[in-house]
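# A closer look at the structure
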Amino acid sequence: MADPQPGPHLAIERIYLRDASFESPRAPGVFEATWTPQVQVDINSRSSRIDEARHEVVLTLTLKARIDDEVAMIVELQQAGVFRLEGMDDAMTQQALAVACPNVLFPYAREAVDALVTKGAFPPFMLAPISFDALYAEAKRRQAAQEPVQGNDGVVN
């Protein structure tokens with residue numbers, strides 16, 4: 001009897017900090033101000049194929065905290081991982097790279113941001129959870145709204 005076909009499989013090969021930067025342009029004066037910052041967080045992910053089954057996924061976070069419209073601190077971080085994806089079609093691979101892999105990387109990035117912030121002598125900072133499923137669905141919705149859909153007959157609808 002033949003072995004059954006294996007189903008979709010995602011394996012983590014390595015998780016690593018690719019790049020990190022911390023700036024406190026107003027130090028040491030910033031520590032005298034009341035700490036009520038306006039915080040802006042930008043998050044992006046990208047992936048690149050290493051070989052047939054392995055992909056690098058990089059989760060990039062940029063955090064800017066402002067007090068009185070002046071930048072108090074900036075954290076830029078790239079948390080990355082190498083993932084092996086097998087038994088997936090193109091759509092499943094795309095979704096795994098955009099949702100499952102960033103979900104794995106996010107807790108590491110969250111901890112690294114908090115560590116950088118506290119080492120900069122600021123209060124601890126825990127990023128709120130992020131729904132990569134919702135971000136992926138929104139990106140797909142926007143892509144569908146912007147691009148004409150080509151039917152099976154080759155005619156653009």
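Look above for the structure.
Everything numeric here is computed off the predicted structure, so don't read it as measured data.

Scoring rules and cut-offs
- Residues numbered from 1 in each chain as written.
- Predicted model: local features only at pLDDT ≥ 70, side-chain atom pairs only at ≥ 80, totals over all residues.
- Heavy atoms only, no water.
- Helix = DSSP H or I, 4+ residues; strand = E, 2+ residues; numbered from the N terminus.
- Buried < 20%, exposed > 50% of the residue type's maximum accessible area, 1.4 Å probe, protein only.
- Pairing = 2+ DSSP bridges.

### Observations concerning unusual backbone geometry
Note that the residue after Ala 27, namely Pro 28, is joined by a cis bond; omega there is 0 degrees. Along the chain, Pro 28 falls in the loop between β1 (9–23) and β2 (38–49). Non-glycine residue Asp 68 carries a positive phi angle of around 55 degrees. Here Asp 68 lies in the loop between β3 (54–67) and β4 (70–86). Positive phi, normally seen in glycine, also occurs at Asp 69, with a value near 65 degrees. Checked against the element boundaries, Asp 69 lands in the loop between β3 and β4. Taking relative accessible area as the criterion, Asp 69 reaches 64% and is therefore assigned exposed.

### Concerning the pairing of β3
Burial analysis of β3 places 10 of its 14 residues in the buried class, which makes it a mostly covered element. Bridge analysis of β2 against β3 gives 12 bridges, and the strand direction is antiparallel. Each bridged residue has a counterpart across the sheet, and for Ser 47 the counterpart in β3 is Val 57. Counted along the chain from β2 to the antiparallel partner β3, the turn is 4 residues long. Here β3 pairs with β4 via 14 bridges, running antiparallel. When the bridges of β4 are listed, Val 58 appears paired with Ala 80. A loop of 2 residues connects β3 with β4, the two strands running antiparallel in sequence, and Asp 68 in this loop sits at a positive phi of about 55 degrees.

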